[in-house]
Each structure stands twice: as C-alpha cells, then as structure tokens.
Amino acid sequence: MVQGNHTGGHNGHGRGAADDLPRAAEVVVIGGGVQGASVAFQLAKRGVRDVTLLERRQLGAGATGKSGALVRAHYTNVPEARLTLESLRVFRNWDQEIGAGSPGFAPIGFLKIVTPEDEAALRANVADQQAIGVETGVVTAEEAREIEPLMRTDDFAVAAYEPNSGYADPNATLFGFVEAAAVRGVRIGTGTEATAILRDGGAVVGVETTRGRIATRTVVLAGGAWANRLLAPLGVDLGLVPRTARVTVFRRPPGVDPIRRHRAVIDSINRSWFRPEGATGTLIGVEGTGGPADPDNYDEGVDATVIERCRNALAARFPAYAGATMRGGWSGMVMESPDSHPIVDQIPSVPGLFVMTGDSGSSFKTAPAIGICLAEWITGGAAKLVDLTPFRATRFAEGSPWHDEHAYGDRKARLTVSR
Ligand SMILES: Cc1cc2nc3c(=O)[nH]c(=O)nc-3n(C[C@H](O)[C@H](O)[C@H](O)COP(=O)(O)OP(=O)(O)OC[C@H]3O[C@@H](n4cnc5c(N)ncnc54)[C@H](O)[C@@H]3O)c2cc1C
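Residues numbered from 1 in each chain as written. Predicted model: local features only at pLDDT ≥ 70, side-chain atom pairs only at ≥ 80, totals over all residues. Heavy atoms only, no water.

Let us look at the site of the ligand. By nearness alone, 38 residues border the ligand, and Glu55, Thr64, Asp359, Lys365 and Arg419 come closest of all. Within the backbone of glycine 68, an N or O atom sits 3.0 Å from a nitrogen atom of the ligand. Here serine 363 contributes a backbone N or O atom positioned 3.0 Å from an oxygen atom of the ligand. Contact with the protein chains hides 99% of the accessible area of the ligand, taken as 1,000 Å² for the molecule alone. Per-element tally for the shell around the ligand: the top contributor is helix 2 (residues 63–66), with 3 residues. A breakdown of the residues in the shell around the ligand according to their chemical character gives 15 nonpolar, 16 polar and 7 charged. (Near = heavy atom within 4 Å. Polar contact = N/O pair within 3.5 Å; in protein donor to acceptor, adjacent residues only side chain to side chain. Areas by Shrake-Rupley, 256 points an atom, 1.4 Å probe, with all protein chains shown as cover. Helix = DSSP H or I, 4+ residues; strand = E, 2+ residues; numbered from the N terminus. Nonpolar A, V, L, I, M, F, W, Y, C, P; charged D, E, K, R; others polar.)

Okay, the confidence of the model for the protein next. Residues at a pLDDT of 70 or more form 93% of the protein, whose mean pLDDT is 93. The spread of mean pLDDT over the elements of the protein runs between helix 11 (residues 409–412), the lowest at 60, and strand 12 (residues 219–221), the highest at 99. Across residues 1–18 the pLDDT falls below 50, and counting only partners more than four positions away or on other chains, this stretch makes 43 contacts in the model. Of the regions scoring below 50 in pLDDT, residues 412–416 engages in 14 contacts with residues more than four places distant in sequence or in other chains. (pLDDT = per-residue confidence, 0-100. Contact = heavy atoms within 4.5 Å.)

Here we take up the pattern of salt bridges. Enumeration according to the criterion identifies 19 salt bridges in this entry. Across the pair aspartate 296 and arginine 229 runs a salt bridge, and its minimum N-O distance is 2.5 Å. A residue pair is termed long-range when its members are at least 10 positions apart, and aspartate 296 in the loop between strand 16 (281–286) and helix 9 (304–317) and arginine 229 in helix 8 (residues 228–231) qualify at 67 residues. One network of salt bridges, with partners in common, ties together Arg56, Glu193, Arg229, Asp294 and Asp296. (Salt bridge = Lys/Arg side-chain N within 4 Å of Asp/Glu carboxyl O.)

In space, the 6 strands of this open sheet follow the order 8-2-1-12-19-18, with mixed pairing throughout. A strand with exactly one partner marks an edge of an open sheet, and here the two such strands are strand 8 (187–190) and strand 18 (343–346). On average, each strand axis in the sheet is tilted by 15 degrees relative to the strand beside it, whichever way the strands run. Sheet analysis places strand 1 (residues 27–30) next to strand 12, joined by 3 bridges and oriented parallel. Along strand 12, the bridge assignment pairs valine 29 with valine 220. Set on the sheet, helix 1 (residues 34–45) makes contact with strand 1, strand 2 (51–55), strand 12 and strand 19 (353–357); between it and strand 1 the angle comes to about 160 degrees. (Pairing = 2+ DSSP bridges. Axes fitted to C-alpha atoms, helices over the stretch in contact; angles between N-to-C directions.)

As a further point, take the nonpolar core. Counting residues in each nonpolar core, the largest one holds 55 residues, and the members touching the most others are Val29, Leu43, Val186, Val220 and Leu374. Of all the elements in the fold, those that place two or more residues in this core are strand 1, helix 1, strand 2, helix 3 (78–92), helix 7 (170–183), strand 19 and helix 10 (367–380). With 9 residues, the single largest contributor to this core is helix 10. Residues within four places of valine 29 in sequence aside, it is in contact with Gly36, Val39, Ala40, Leu43, Val51, Thr52, Leu53, Leu54 and Val220. (Core = buried A, V, L, I, M, F, W, Y, C linked by side-chain atoms within 4.5 Å. Buried < 20%, exposed > 50% of the residue type's maximum accessible area, 1.4 Å probe, protein only.)

Before going further, it helps to examine the sheet that holds strand 13 (residues 241–251). Pairing is mixed across the open sheet formed by 8 strands, whose spatial order is 5-6-4-14-15-16-13-17. Looking at which strands have only one partner, the edges of the open sheet turn out to be strand 5 (137–140) and strand 17 (326–336). Averaged over all neighbouring strand pairs, the angle between strand axes comes to 25 degrees, with direction disregarded. Across 4 bridges, strand 4 (residues 110–113) lies against strand 6 (residues 158–162) in antiparallel orientation. By the bridge assignment, phenylalanine 110 is partnered in strand 6 with glutamate 162. Against the sheet, helix 5 (residues 119–131) contacts strand 4, strand 5 and strand 6, and its axis sits at roughly 20 degrees relative to strand 6.

Put into structure tokens, the structure is as follows:
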C-alpha cells in the first residue's frame, strides 16, 4: 500500500513522502468511504492490477464513518430495492464474496411502518419486492406487535416486515473492503486530496493531488459531500447539495428485556428510523433534523433540539423509552441529489469519469452492489448485475427526474431522512 496516513500503520497523522504515490494508475478512485472502497476492491477482484484509492483525510471521514447503516430492501422503487437485494447477498456471504474483515451484519429483522393512508402503496411496494426475490411480507399491526413487543401499534394498520434484514457496522464494512482491496494490490493513499481531474480533449488523463499528479484514463469519483469541488471545474453541475444527517443514541431503560435486541424500524408516522446500537443502545435519526451545510465547516455533534426530537420519536413508537438516558449523538454529511436518489454513471461530457454521488443519505446498504456494477462497467463496458439506467446523471437535464409510483407521504413531501 502507498499511504500518507496509513490505514492501520505507524504514521497516524503525517503525510507520506511525495514520491510514494504512483505516477500512473489504471484507475484512480477518489474517496475512502464505503463506495470508493467497494469499487476499488471489485476492480482489483476483476483483475485490474493498478488501482489507487485516494482519501483526503482518513478512511470513513465522510458519511460512512457516521452512518446508521440500516440494511433493508424496502424502497418505494424497484431499482434501489434490487441494488439492496444484491448487496444483501454480499453482506450475508461476506467471507466468500469479500474475504477480509467482517461487516458486522446483524439480521435482526426490519419493520417499515406507514400511515393507514399509505397501506395500498405499501402493499404495492412489497409485491414489487417479492417479485424480484426480496424476503418481505405485509404484516398486520397485531402481528407487528408480536414481532416487536416494545412497539405501539394502535396508529397503523399494516407494516412491511423483512425477517432477515437489519443493519451493519459501517466502519467494519469499509475496513473489510479496504483490507480485501489492499490484499489484491490496491494502493490506498490516505491524507491525500485529489485537487483536480485533468482532461485532454474532454477525456480524463489524470488526477492532480496534494502529493503529486497521477496519470490515468479512468477516475471513479466517490467523494460524498465533497464531490462538487471536483465536478464544478469540469462544468458538471448535477444539482447536488451537501446536507447534515443527525443521529442520537439512547440507553435501554430499566425494565426492558436486557437479552432480546429490538428490531430495526423505519417509522414514517413519526418520521424516524432506529435500530440497536451495541449491546444496550438504540440509535435513532429523525427526518428534518439536518439541512444544507458546508462539509468542511459543520457541527459534528447534536444539539438539545435534535436530542429532544429523537427522544420523542423513539418514545412515540417504543413507549418504554420515554425516559431513556441519552448516551451521545453525532452529525455527518451526505450529498443530496435533486430527486433524492443516487447518481451512478459515466459522465457523458467527461469520458473516463465515473461517479457514485448524490447518495442522498441512504447509500451505505447499496455500496456492495454499486461497487460490482461500476467495476463491471469499467472492465467490461456495461453493468450487468443491476441495470444502472435509472441512476443516470442525465435524468435531470432530460427533465425526467426519478418518480416513485408508490411513494409514501414522507417521500411525497420531498423530505429525506438518512437511513
Ligand atoms: C447519520 C447518518 C446516517 C445514515 N444512515 C444510513 C442508513 O441507515 N442506511 C444507509 O444505507 N445509508 C445511511 N446513511 C448514508 C450512507 O452513510 C452514505 O450514503 C454512504 O456512506 C456514502 O458513502 P460514500 O463512500 O459515497 O461517501 P462518504 O462516506 O462520504 O465518503 C466520501 C469520502 O471521500 C473523501 N473525499 C472527498 N473529496 C475528496 C478528494 N477530493 N480527494 C480525496 N478524498 C476525498 C471524503 O473525505 C470521504 O471520506 C447515513 C448517513 C449518515 C451521515
């Protein structure tokens, strides 16, 4: 590995010598989050011998390190459900698929709760997901109560239940990809910022970095909330907006079963999502607690208002948590696309530039499949695992942004919550 800051080595803060960065690479991946690491590994797995991954700070410095990392296939559209389904296969078969580390995948079961008005939409979405092979079903409120006894169930009629979904450890997932990539020869340059994507006649010819220039014809930009800085000088405006996403952790209160771990839940009624954190905690995020921000100058903590909103939303679904002790919280940066769905594409005006951007706060779970798709595209000319057409960058310019047929009230209101 070629590193400024080592992934696990002795040089915790300093930069490596400028001459240890390669002068040329077959592919340069920009961004040491889960997306960059996933595609770097998949490229190496497909025999691309010369891959360099650049990370301006440390691995997981962006959204990935702060992620709630819910892994569920319930979406209001098939393309994202498909990406999750393929990613679930990777999370479940990590040793065979990735072969290093462990994603800490916890298949504790997942419930999606919607308002009674959204029952028809939920049934339609579950049917779509079943049709592509997702393990999911519609359960009544009474059945949901049996599945999750902590739950208040008098304000909804039906929920979607995925018995084998749950959440993962976002940093362990990232580190697993990185370790597996490094074993296959990927160079990981932490403490190394890409400052410009270089072109000749429109096409990519290299990357300028804080440690020198790397010649390459292929760049994958997975720069999370920082992507605009490299895209803007190329004249690429995808309408991306960096936003904060916030979570709070509460301690399991006395009287709640200390052995059983509760399910992961997305609660559209209280506009929240939550899942167990460690042995005793619950990690919760609430819609509308984040907003546009400068990714290099934002408060990484949470204030009293966020904590109160999280506590109220948690107690509204799990009444036993009304007096739960607050244990901490943090804010991370995600990149919102104009239609709140990711953009995974080769930028038409910049041949050789592939992007995974506009994660919109829900692209941890899909990273394993997106990495495979991009690696297939770069090495074989097309993504085979999942059709990426719906994720194309040109959909905004075409005037056909994403449209979910069976959107719920929360999505219709165009508010998003990272989960
Ligand atoms: C609080 C929170 C909760 C979330 N919950 C969930 C959830 O439950 N489920 C889910 O699926 N998703 C969730 N998400 C979203 C998910 O974490 C992100 O979609 C995902 O981590 C994005 O990964 P990424 O690799 O694209 O970006 P990032 O993790 O942001 O990585 C981008 C990296 O690129 C680096 N970088 C940027 N520019 C440069 C440059 N010029 N040179 C070198 N390096 C650069 C950055 O430092 C950063 O480390 C959540 C996010 C947050 C913040």
